[in-house]
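Here is what each chain is made of, one letter per residue.
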Amino acid sequence: MQLTNLTICEAHELLTTKKISSVELTQAMLDRIHEVDTKVKSYVTVTDDLALEQARKADERIAKGENVTPLTGIPFSMKDCISTRNVRTTCSSKILENYVPQYNATVTDKLADSGAVLVGKTNMDEFGMGSSCENSAFFNTHNPWNLDHVPGGSSGGAAASMSASLASFAIGEDTGGSVRMPAGFCNVTGIKPTYGRVSRYGLIALVSSFDCIGPLARDAYDCATVLEHIAGHDPKDSTTYQSPITNYTQNINQPVNKLKLGIPKEYFVAGMEAGVESAMQEAIRAYEKLGMEIHEVSLPHTKYGLPVYYLLLFAEASANLARMDGTRFGLSVSENAKDVIDIYLQTRHEGFGDEVKRRIMLGAYALSAGYYDAYYLKAQKVRTLLRRDFETAFASVDILLAPTCPTTAFKLGEKTSDPLEMYLSDIYVVSTNPAGVPAIALPAGFSNNMPVGMQLIGKHLDEQTLFQVAHAYQQVTDWHKRNPEIS
Amino acid sequence: MTQTIDTKTVQHVAYLVRLGISEEEAQTFSGQFSSIIDYFNMLNEVDTDNIPPASDIANAENVLREDVVKPSMSREEFLKNAPQSERGYVKVPTVLGDE
């Protein structure tokens, strides 16, 4: 038995029957991180001492049988844009390289309350801006399935930490595919919940109206377990829903044979890698066998999803990142500064990477006098149309199926010279965020020995059906159980 | 409609977001911005007459709370992250210049 490969469910069973302790499980995870992560490089910070302390406390809880949850004693990784008190939180940016938050994100608090064990903070594209993790200011993360390839982004470290068995679950964040796209590239299951399901308090904001924290795990069942513990209303985030959180795992085995599966025709067009296309066809056949009705549907504004997404991202990000100004926290470059503006100019010049610079400047451009109507306002109008596309489709089907990316993981360096080319790799995942609907990514096979990801997109607040349909597929396939040989 | 974004415009938006950039960087960004903005112009194909802009995404209701003082982070704790502080304040150089 390899402890680091266990699902949350399996580990919980062994912990509560006292066959293993959380200290043993956590130590095994830390040992593997120190051995394997020198190659994968998924972690920015490893929290050895804190993890072992939390593991000891979890063991006490289990020994006393008090307040034991399915996450008690389970080691996890956290994307480095989510605040952790007294643990460095960098967003993989030079500007926050030595930033240590004085407070926890709500998600951090909830996981601590459930007894989960934080083993470290994972690498990402700087402030979430990127699709390959190559925009980290620190180092590249490698795809565990082939170290010459990218893990995807921006939650590349989170997906790689799961795929390489360096955590039992990972907390990621999805602004426009940042959980799903790397999950697909790394053969991991990951969910972007409905906007407003999980509190954003303490998440370092990229696009406040898109950002969704969501878990990555070994299967849909584990994702459901984690989401149950982190979702819910938070007085500190007024966009969170008041409605109670369903017990997702309790109903996950409900039959799917009465459900209608929609195939959006705009997602199945030229440019898709042959192996990705055939994996999707196979998945559709699997659902047919499970008794689901298959319908072709249309999301006519799909091709505009990418420009809408990026324009709104640029605009919101340029405002959100204004707080990184070198005066109250983070990097401060003040040599020969004659006034406070000089501190801003110098700090931001040295602290931000090229992609961040590009995006905040383009944001200011899209919002500036003379261009506001043509870009920002236009994008918000087309966003309404994107939302209506989903509403129309969901009037006739329960769930949609699509790939997470037109290709499998590309090679490191392959797309770094052309920013627009990199943006295009997000084409299948971006539309859900402006619409706010939930989507889950899961392993669907292999193409040229690299994982293929598929996503299921659901109705507003209907994570339950997503979990059910993903779980049903994982009962009849074993793609999600395959682990890479890291060499 | 093809738009070129010259280096002067790049310098201008850089200043708007308080970002120092060199002449060389402005050159590189200028070329990249033109092709990105050109791609965005695809939105002009979409008829958006009578389409309202999206404004809310989740709960469309106002969220109110009692206006009561609650404990918050102490000044000492807050200043731990400040690059420079003095007598309980964040310290920065001149904000209001003599121009």
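Here is a short report on the structure shown in this document. (Residues numbered from 1 in each chain as written. Chains lettered and ligands numbered in written order. Predicted model: local features only at pLDDT ≥ 70, side-chain atom pairs only at ≥ 80, totals over all residues. Heavy atoms only, no water.)

### As for the overall build of chain A
- Each helix and strand in chain A was counted, giving 15 helices and 11 strands.
- The C-alpha atoms of chain A give 21 Å as radius of gyration, which agrees with the globular expectation for 487 residues (23 Å, within 12%).
- Taken along the three principal axes of its C-alpha coordinates, chain A extends 65 × 50 × 45 Å.
- Buried residues in chain A amount to 67% of all 487 residues.
- Excluding contacts between residues fewer than 6 apart, the proportion of contacts in chain A whose partners are at least 24 apart in sequence is 76%.
- If you sum the accessible surface of chain A, you get close to 16,100 Å²; carbon and sulfur atoms cover 47% of it.
- Across chain A, the centroid of the 44 positively charged side chains sits 3 Å from that of the 55 negatively charged ones. (Helix = DSSP H or I, 4+ residues; strand = E, 2+ residues; numbered from the N terminus. Rg over C-alpha atoms; globule rule 2.2 N^0.38 Å. Buried < 20%, exposed > 50% of the residue type's maximum accessible area, 1.4 Å probe, protein only. Contact = heavy atoms within 4.5 Å. Areas by Shrake-Rupley, 256 points an atom, 1.4 Å probe, with all protein chains shown as cover. Lys, Arg positive; Asp, Glu negative; His and termini not counted. Charge placed at Lys NZ, Arg CZ, Asp CG, Glu CD.)

### Quick notes on the overall build of chain B
- The secondary structure content of chain B amounts to three helices and two strands.
- Each helix (α) and strand (β) of chain B, taken in turn from the N terminus, gives the series α-α-α-β-β.
- The buried share among the 99 residues of chain B stands at 32%.
- In chain B, the share of contacts with a sequence separation of at least 24, taken over all contacts with a separation of at least 6, comes to 35%.
- Surface exposure of chain B reaches about 7,300 Å², of which carbon and sulfur atoms provide 49%.

### What to know about the interface of chain B and chain A
- Tallying the contact residues gives 53 residues for chain B and 68 residues for chain A.
- Taken together, both faces of the contact between chain B and chain A bury some 5,200 Å²; the carbon and sulfur share is 69%.
- Our enumeration of links across chain B and chain A arrives at two salt bridges.
- Residue K357 of chain A pairs with E25 of chain B through a salt bridge whose shortest N-O separation is 3.3 Å.
- Here chain B is connected to chain A by 20 residue pairs in polar contact (both at pLDDT 80 or more).
- Those elements that place two or more of their residues in the side of chain B that touches chain A are α1 (7-16), α2 (23-40) and α3 (75-79) of chain B.
- No other element matches α2 of chain B, which puts nine residues into the side of chain B that touches chain A.
- Partitioning the side of chain B that touches chain A into residue classes produces 34 nonpolar, 13 polar and six charged. (Buried area = accessible area lost by both parts, 1.4 Å probe. Salt bridge = Lys/Arg side-chain N within 4 Å of Asp/Glu carboxyl O. Polar contact = N/O pair within 3.5 Å; in protein donor to acceptor, adjacent residues only side chain to side chain. Nonpolar A, V, L, I, M, F, W, Y, C, P; charged D, E, K, R; others polar.)

### Side note on the pattern of salt bridges
Residues and elements named next belong to chain A.
- Going through the model one piece at a time under the given rule, you end up with 17 salt bridges over all chains.
- Across the salt bridge formed by D342 and K338, the nearest N and O atoms sit 3.4 Å from each other.
- Residue D342 is classed as buried on the basis of its relative accessible area, which comes to 15%.
- Taken together, the shared-partner salt bridges in this structure form one network comprising E355, R358 and R359.

### As for the packing of aromatic side chains
All names here are of chain A.
- This model, assessed by the stated rule, comprises 23 aromatic pairs over all chains.
- With centroids separated by 6.0 Å and ring planes inclined at 80 degrees, the aromatic side chains of F127 and F352 adopt a geometry described as edge-to-face. Highlighted residues: F127 in the loop between β3 (117-122) and α5 (156-163) and F352 in the loop between α10 (340-351) and α11 (354-367), separated in sequence by 225 residues.
- A relative accessible area of 4% means that F352 is categorised as buried. (Phe/Tyr/Trp six-rings, centres within 6.5 Å; stacked < 30°, edge-to-face > 60°.)

### Here's the deal with the pairing of β3 of chain A
All names here are of chain A.
- Most of β3 sits inside the fold, with six of its six residues counted as buried.
- Bridge analysis of strand β1 (residues 43-46) against β3 gives three bridges, and the strand direction is antiparallel. Its bridge partner being in β3, T45 is matched across the sheet by K121.
- Running through helix α4 (residues 106-114), the crossover from strand β2 (residues 75-79) to the neighbouring parallel element β3 is right-handed. (Pairing = 2+ DSSP bridges. Right-handed = clockwise from strand over helix to strand, strands pointing away.)

### As for a nonpolar patch on the surface
- A cluster of nonpolar side chains, contributed by V92, V95 and L96 of chain B, occupies part of the molecular surface with about 300 Å² of accessible area.
- Checked against the element boundaries, V92 of chain B lands in the segment after β2 (89-90). (Patch = residues over 30% accessible without salt bridge, like charges linked within 9 Å, V, L, I, M, F, W, Y side chains within 5 Å.)

### Quick word on helix α12 (residues 373-396) of chain A
- Helix length check: α12 of chain A, at 24 residues, gives a terminal C-alpha distance of 34 Å against a target of 34 Å (1.5 Å per residue), a fit within 8%.
- The largest bend in α12 of chain A is about 25 degrees, located at A379 of chain A. (Expected span 1.5 Å × (residues − 1). Bend = angle between axes of the 7 residues up to and from the residue.)

### Examining the environment of T28 of chain B
- With respect to the secondary-structure elements, T28 of chain B resides in helix α2.
- Taking the C-alpha atoms as reference points, T28 of chain B and T7 of chain B, 21 residues apart in sequence, are found 8.8 Å from one another.

### Some details on the environment of Y267 of chain A
Residue and element names in this part refer to chain A.
- With respect to the secondary-structure elements, Y267 resides in the loop between β7 (260-264) and α8 (274-289).
- Relative accessible area serves as the criterion here: at 0%, Y267 is assigned to the buried category.
- Sequence separation of Y267 and M124 is 143 residues, and the distance between their C-alpha atoms is 27 Å.
- The contacts of Y267, once residues within four sequence positions are left out, are M272, L299, T302, F390, A402, Y428, S431 and Q455.

### Focus on the nonpolar core
All names here are of chain A.
- F127, F169, I171, M361, L401 and L456 are the most contacted members of the largest nonpolar core, which totals 139 residues.
- The biggest single contributor to this core is helix α9 (residues 305-320), with 10 residues.
- Setting aside its immediate chain neighbours within four residues, L401 contacts L261, G262, I263, P264, F268, M280, A283, I284, Y287, M454, Q455 and L456. (Core = buried A, V, L, I, M, F, W, Y, C linked by side-chain atoms within 4.5 Å.)

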